[in-house]
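# A structural walkthrough
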Amino acid sequence: MSYNLTAGAIEDIMGGSKVESPILQCLDWKKISSQQGADRFRLLLSDGVCSHSSAMLATQLNDKVTNGELEPNSVIKLDKYLCNTINGNRRVMILLEITVIAKGAQVGSRLGNPTPYKLGESKEAKVEQPVAKPVQNSISNNQQNKPQNSFYNNSSSKPFVAAQPSINGPGDSPVRVHPISSLNPYQNRWTIKVRVTSKSQIRTWSNSRGEGKLFSMTFMDDSGEIKATAFKDQVDKFYDMIEMNKVFFVKKGTLKTADKRYNTTDNDYEMTFNNDTEIIPCDDDTSLPTINFNFVEIGNLQSVEPNSNVDVLGVVKSVAEVSTITTKQTNKELKKRELELVDRGQVLVRLTLWGLEAENFNSMNNPVVAAKNVRVSDFGGRSLSCGSSSQLVLNPDIPQAHQLRGWYDSEGRNADFNAYSSEAAGSGSHSTNWKSFGDVKSQNLGTGEKGDYFTAKGTIVYLRKENCMYMACPQADCNKKVVDQANGYYRCEKCQKEFPNFKWRMILSANVADFSDNQWVTCFQESAENVLGISADELGKLRSENEAAFDKVFDESVFKSYVMTLRAKMETYNEETRLKVICLKATPVVAEDYHKKLISEIEQMLSI
DNA sequence: CCCCCCCC
């Protein structure tokens, strides 16, 4: 097996040429530790002729190193990369997208005989291509630290020079547009061309260090996104101008390390506007990506970690009035409004809007809403809340939204929904917490204080007939076992009373299996009656009067499948602690409903 | 320079 490295690519790239999708060998990598906790990897790349160690892996690709995909000697294709100049002459490549063509172990050793690249040294005695020369003085105010030939190797048609005359003064050269991913705190001569993909409300603060107001926003271009914040004067200057989804040129802002606690973008840096910041509207609305979503299905919110942020797509089934609440901490009055969102999984979740967004939300006719970056809370099972970095988009023009619209108008409008809600916290909300029996073990369910409630589809593989029922106190609120006095009376020790009758109660041990594992579960009265399809009273009669019929009830119940509401909890008997799983409810599988759930899970998988 | 994301 031979691998064709793009010989000469490193020299060309270092010389400033644009090389499409070069194939290089990664000879080694090195972890550059940073105080921020975000590791960065520097790669030693070779094109077979030259090697060069100034290639940084974009942090979103770190897992390629950590998961072992990019081991030394791998052959890789650079699908998307940048080349920046630092300190006037040192060039650094930033790898944004790569494909590992051959694993290091497969390649085995370094290919060719690469020697380290040195600036200005040509490997061959060839005439230098004019394009490979650093661009000199083509831009007014040329600075040492300016990225002289920063380019963005995406598609062939991406303009590197803004064709927008409005930001160039008379006689100025066209302004070079930089990708967001190239911004860093060490260079301040840049212009980015970005779309606004979120915009917060204005918020005020007052603390020991002073007071003021601010708003924040997210900018996006092909290379990534960045959070930007405007304070005080800059709020007055830019708040009205910055509009969701619009495109702007932005130049001169202060870059600092992103505080990942409050910044959900994948950018290592964030921007603060300053007195020199310029923002110029741009009417080009087509060349930049628009807000993108990574939707979690409403029914899958149960498996999302509370207090994390997600994107959700749903139909607004209902809109409540605005109400006012008072915060516990500061006694501040806040306006809120609740929306109910539903999707094809037929699950309903509540989304809370705050402040002006609550007051201004005014939409009838059950719009589809795409909610970006909303916070997941575990209140009432799961609920959603908008924060400052959240963004709602009504009736977005995306395929999933159109599908959802069609579904809602044709059937969803009249469908019943499984709601995450506080009333259902004991049962209903758990009906959407699907687990497999394999999950019960691998996720250590039941180890918590309260026990874990979940839903599983299981097939009965064995029913333990022995001791599955007992004679119980006939009092309505007492289910204690009674003692047969052998004189026609039955004594309940708890009630301290003898009765001429008793009632049958069930404790049925069932072994239930799904694709992943099997599980012993205990069914008490109701769920045992569900599973056996007969009342305890009738079964009790059969037991004493017709053993064959009694056995038949069990035989016929085996290999039937049920959707079960279960509770797993560790319990201790005689100093032995083991997991006990109780079946609270068992309903025969309705194929149509269950298949809908499977289909929505498949759709969920495909949409990622 | 904020850093709150609330309430049931």
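On a predicted model such as this, the values are computed, not experimentally measured, just so you know.

A few words on the overall build of chain A. For chain A, the count of helices and strands is 11 helices and 29 strands. Considering chain A as a whole, with its 608 residues, one finds that 46% of them fall into the buried category. At a minimum sequence separation of 6, the contacts of chain A that also span at least 24 residues come to 62%. Carbon and sulfur atoms make up 47% of the accessible area of chain A, which amounts to about 31600 Å² in all.

Right, let's get into the pairing of strand E2 (residues 40-46). Consecutive side chains of a regular strand alternate in pointing toward one face of the sheet and then the other. Both strand E1 (residues 23-32) and E2 contribute to a ladder of seven bridges, which runs antiparallel. Residue pairing across strands places Lys31 opposite Phe41, the latter belonging to E2. Hairpin connection from E2 to strand E3 (residues 50-57): three residues lie between these consecutive antiparallel strands, with Gly48 at a positive phi of about 95°.

In the vicinity of DNA strand B there are 23 residues, among which Lys256, Lys336, Arg350, Gly387 and Ser388 approach most closely. Here DNA strand B approaches the protein such that, of its atoms within 4 Å, sugar and phosphate make up 30%. Arg203 places a polar side-chain atom, nitrogen or oxygen, 2.9 Å from a phosphate oxygen of DNA strand B. Between DNA strand B and the protein, one listed contact pairs a phosphate oxygen with a side-chain N or O atom of Arg209 at 2.9 Å. The set of elements that each furnish at least two residues to the surface near DNA strand B consists of strand E8 (203-207), strand E10 (224-231), strand E15 (333-342) and strand E16 (347-354). Across the surface near DNA strand B, the residue classes tally to eight nonpolar, six polar and nine charged.

In this section: the pattern of salt bridges. Counted according to the given criterion, the structure contains 20 salt bridges. Where Lys64 meets Glu69, a salt bridge forms, and the shortest distance between an N and an O atom there is 3.7 Å. A salt bridge links Arg567 to Glu571, with the shortest nitrogen-to-oxygen separation between them at 3.8 Å.

Right, let's talk about the nonpolar core for a bit. In this structure, Leu508, Val531, Leu532, Leu539, Met564 and Leu566 are the most contacted members of the largest nonpolar core, which totals 32 residues. Sorting elements by how many residues they give to this core places strand E26 (residues 503-513) first, with five residues. Not counting the four nearest positions on each side in its chain, Met564 is found in contact with Phe454, Thr455, Ala456, Ile460, Val512, Val531, Cys583, Lys585 and Ala586. Grouped together as the second largest cluster of nonpolar side chains are 25 residues, Leu70, Tyr81, Met93 and Val100 included.

By the element assignment, Tyr489 lies in the loop between strand E23 (482-484) and strand E24 (490-492). Classification of Tyr489 by relative accessible area gives partly exposed; the value is 39%. Considering only alpha carbons, one finds Tyr489 and Pro500, 11 residues apart in sequence, at a separation of 4.6 Å. Not counting residues up to four positions away in its chain, the partners in contact with Tyr489 are Val483, Asp484, Glu498, Phe499 and Pro500.

Before going further, it helps to examine the packing of aromatic side chains. Using the criterion set out here, one finds 13 aromatic pairs in the structure. A centroid spacing of 5.4 Å and a plane angle of 75° characterise the contact between Phe238 and Phe273, whose relative ring orientation is edge-to-face. Separated by 35 residues along the polypeptide, Phe238 in helix H4 (residues 232-238) and Phe273 in strand E12 (residues 269-282) bring together distant segments of the chain. Three or more aromatic residues link up through ring pairs in this structure, and these residues are Phe219, Phe238 and Phe273. Over the face of the ring belonging to Trp520 we find Arg464, whose NZ or CZ atom lies 4.5 Å from the ring centre.

This next bit is on the sheet that holds E23. With antiparallel pairing, the three strands of this open sheet are ordered in space as E23-E24-E25. Two strands bound the open sheet, and with one partner strand each, they are E23 and strand E25 (497-499). For this sheet, the mean angle separating the axes of adjacent strands, direction not counted, is 30°. In the sheet, E24 pairs with E25 via three bridges, with the strands oriented antiparallel. Bridge pairing in E25 links Arg491 to Glu498.

Another point: the side chain of Lys372. Along the chain, Lys372 turns up in strand E17 (residues 368-377). Within the structure, the side chain of Lys372 is placed 2.7 Å from the backbone oxygen of Asn292, a separation counted as a polar contact. Polar side-chain contacts of Lys372 include one of 3.0 Å to the side chain of Asp311.

Before going further, it helps to spend a moment on the environment of Asp222. As for its position among the elements, Asp222 is in the loop between strand E9 (210-221) and E10. Counting along the chain gives 66 residues from Asp222 to Leu288, while the straight-line C-alpha distance between them is 6.4 Å.

Note on placement: Leu584 falls in strand E29 (residues 576-588). Residues Leu584 and Thr522 lie 62 residues apart in sequence; the distance between their C-alpha atoms is 8.8 Å. Leave out the neighbours within four places in its chain, and Leu584 touches Tyr453, Ser527, Thr565, Leu566 and Arg567.

The end-to-end C-alpha distance of helix H6 (residues 399-410) is 17 Å, a good match for the 16 Å that 12 residues give at a rise of 1.5 Å each. All of the buried residues along H6 are Ala401, Leu404, Trp407 and Tyr408. Burial along H6 is one-sided: seen end-on, the buried residues are contained in an arc of 125°. Counted as exposed and oriented over 90 degrees from the buried face of H6: Pro399 and Ser410. Contact partners of the buried residues in H6: strand E13 (309-319), E15 and E17.

Let us look at the packing of helix H9 (residues 536-545) against helix H10 (residues 547-557). Geometrically, a packed helix pair is captured by the angle between its two axes and the distance between the axes. Running from amino to carboxyl end, H9 crosses H10 at an angle of 135°, the nearest separation of the two axes being 6 Å. Classified by the interaxial angle, the pair formed by H9 and H10 is oblique. On H10, the residues touching Leu539, Leu542, Arg543 and Glu545 of H9 are Glu547, Ala549, Phe550, Val553 and Phe554. Of the residues that constitute the contact of H9 with H10, the class distribution is six nonpolar, no polar and three charged.

With that out of the way, let us pick up the confidence of the model for chain A. Atomic detail in the predicted coordinates should be set aside for any region of low pLDDT. When the pLDDT values of chain A are averaged, the result is 85; 87% of them are 70 or greater. Every residue in residues 125-166 is under pLDDT 50, and counting partners more than four places away or in other chains gives 95 contacts. Low pLDDT, under 50, characterises residues 424-431; the predicted model gives this stretch 16 contacts beyond four residues in sequence or across chains.

What counts and how
In this numbering scheme, every chain counts its residues from 1 along its sequence in written order. Chain letters and ligand numbers both follow the written order, the letters beginning at A and the numbers at 1. For a predicted model such as this one, the threshold for reporting local features is a pLDDT of at least 70, and the threshold for listing and counting side-chain atom pairs is 80 or more; totals across whole chains, interfaces and linings nevertheless cover every residue. Side-chain numbers come from the whole structure's heavy atoms, not from hydrogens or water. Under the DSSP-based scheme used, a helix requires at least four consecutive residues in state H or I and a strand at least two consecutive residues in state E, with every element numbered from the N terminus. Buried, partly exposed and exposed residues are distinguished by accessible area as a fraction of the type maximum, computed with a 1.4 Å probe on protein chains only: under 20%, between the cut-offs, and over 50%, respectively. Contacts were defined at the residue level, with two residues in contact if any of their heavy atoms lie within 4.5 Å. Where accessible areas are quoted, they stem from the Shrake-Rupley method and a 1.4 Å probe; at the residue level, only the protein chains shown are allowed to cover. At least two bridges found by DSSP between two strands is the condition for calling them paired. The criterion for a residue being near a molecule or strand is simple. One of its heavy atoms has to lie within 4 Å of it. As used in this structure description, the phrase polar contact means that two N or O atoms lie within 3.5 Å; if the pair is within protein, one of them must be able to donate a hydrogen and the other to accept it, and residues adjacent in sequence are counted only when both atoms belong to side chains. Lys, Arg, Asp and Glu make up the charged group, whereas Ala, Val, Leu, Ile, Met, Phe, Trp, Tyr, Cys and Pro make up the nonpolar group; the residues left over, Gly among them, are polar. Salt bridge criterion: a side-chain nitrogen from Lys or Arg within 4 Å of a carboxyl oxygen from Asp or Glu. Working definition of a nonpolar core: buried Ala, Val, Leu, Ile, Met, Phe, Trp, Tyr and Cys residues. They are joined through side-chain atoms within 4.5 Å. Within 6.5 Å between ring centres, the rings of Phe, Tyr and Trp (the latter by its six-membered ring) count as paired, and their orientation is classed by plane angle as stacked under 30 degrees, edge-to-face over 60, tilted in between. In this analysis the charged atom, NZ for Lys or CZ for Arg, is taken to sit over a ring once it is within 6 Å of the ring centre and within 35 degrees of the ring normal. Here an axis means a line fitted to C-alpha atoms, over the contact stretch when the element is a helix, while the angle between two N-to-C directions is reported on a 0 to 180 degree scale. To estimate how far a helix should extend, the number of its residues minus one is multiplied by 1.5 Å. As used here, the arc is the angular range of directions from the helix axis to the C-beta atoms. Our angle categories are set so that under 35 degrees counts as roughly parallel, over 145 as roughly antiparallel, 65 to 115 as roughly perpendicular, and the remainder as oblique. Each residue gets a pLDDT score, which is the predictor's confidence in that residue and runs from 0 to 100.

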